[in-house]
Amino acid sequence: MTFDVFARVELERFFCRREEFGKFYCKACLVQQLSRRGTRKVSGDAWTAATEEAFLRPGRLRVSSGRPCEICKELGLSLGVERLDAEVGDQPTDWSLGSVA
Ligand SMILES: [Zn+2]
């Protein structure tokens, strides 16, 4: 498992926290949140890279364009997890959690 994949997995874990479920963050605020509250094993640069990647390929997460950021309230692109988890549209990408041999 490469380090970038680790950061990406940790990013997903962050959104799986009970208090983050249903919240959406813009890119800048998300990196800030991850740096402050995510695991210390991931550097700021790695969080930025993982966040950029997550906006491009959200996988199980959702990129929203009409939802205000939880922190700065800007109506730009934001990333988060929908509260309704019934929708299974996207197939997991190659960094799937289940594929650890
Ligand atoms: Zn924001």
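Residues numbered from 1 in each chain as written. Predicted model: local features only at pLDDT ≥ 70, side-chain atom pairs only at ≥ 80, totals over all residues.

*Asks:* Just to check I follow, could you spell out the packing of helix α2 (residues 27–37) against helix α3 (residues 44–56) for this structure?
*Replies:* Helix packing geometry: the angle between the two helix axes and the distance between the axes. Two elements in contact, α2 and α3, have axes whose closest approach is 9 Å; the angle formed by their N-to-C orientations is 135°. Classified by the angle between their axes, α2 and α3 sit oblique to one another. As for the relative orientation of α2 and α3, their crossing is right-handed in sense. Touching Lys27, Leu30, Val31, Leu34 and Ser35 of α2 are Gly44, Trp47, Thr48, Thr51 and Phe55, all from α3. (Axes fitted to C-alpha atoms, helices over the stretch in contact; angles between N-to-C directions. Helix = DSSP H or I, 4+ residues; strand = E, 2+ residues; numbered from the N terminus. Parallel < 35°, antiparallel > 145°, perpendicular 65-115°, else oblique. Left-handed = near helix turned anticlockwise from the far one by under 90°. Contact = placed C-beta atoms within 7 Å.)

*Asks:* Is there a simple way to explain α3 in this structure?
*Replies:* Helical geometry: 3.6 residues make up each α-helical turn, so side chains three or four residues apart lie on a common side. Taking 1.5 Å per residue, 13 residues should reach 18 Å; α3 reaches 19 Å between its end C-alpha atoms and fits that length. For α3, the complete set of buried residues consists of Ala46, Trp47, Ala50, Thr51 and Ala54. The buried residues of α3 occupy an angular sector of 135° when projected down its axis, which confines them to one face. Exposed and facing more than 90 degrees away from the buried side of α3 are Asp45, Glu52 and Leu56. (Expected span 1.5 Å × (residues − 1). Buried ≥ 20, exposed ≤ 12 C-beta atoms within 10 Å, placed from the backbone. Arc of directions from axis to C-beta.)

*Asks:* Honestly, the sheet that holds strand β2 (residues 62–64) in this entry has me stumped. Any pointers?
*Replies:* Within a beta sheet, neighbouring strands are joined by backbone hydrogen bonds and run either parallel or antiparallel to one another. Reading across from one edge, β1-β3-β2 is the order of the three strands in this open sheet, with antiparallel pairing throughout. Lying at the two open borders of the sheet, with one neighbouring strand each, are β1 (24–25) and β2. Sheet topology note: the β1/strand β3 (residues 78–80) ladder contains two bridges and is antiparallel. By the bridge assignment, Phe24 is partnered in β3 with Gly80. (Pairing = 2+ DSSP bridges.)

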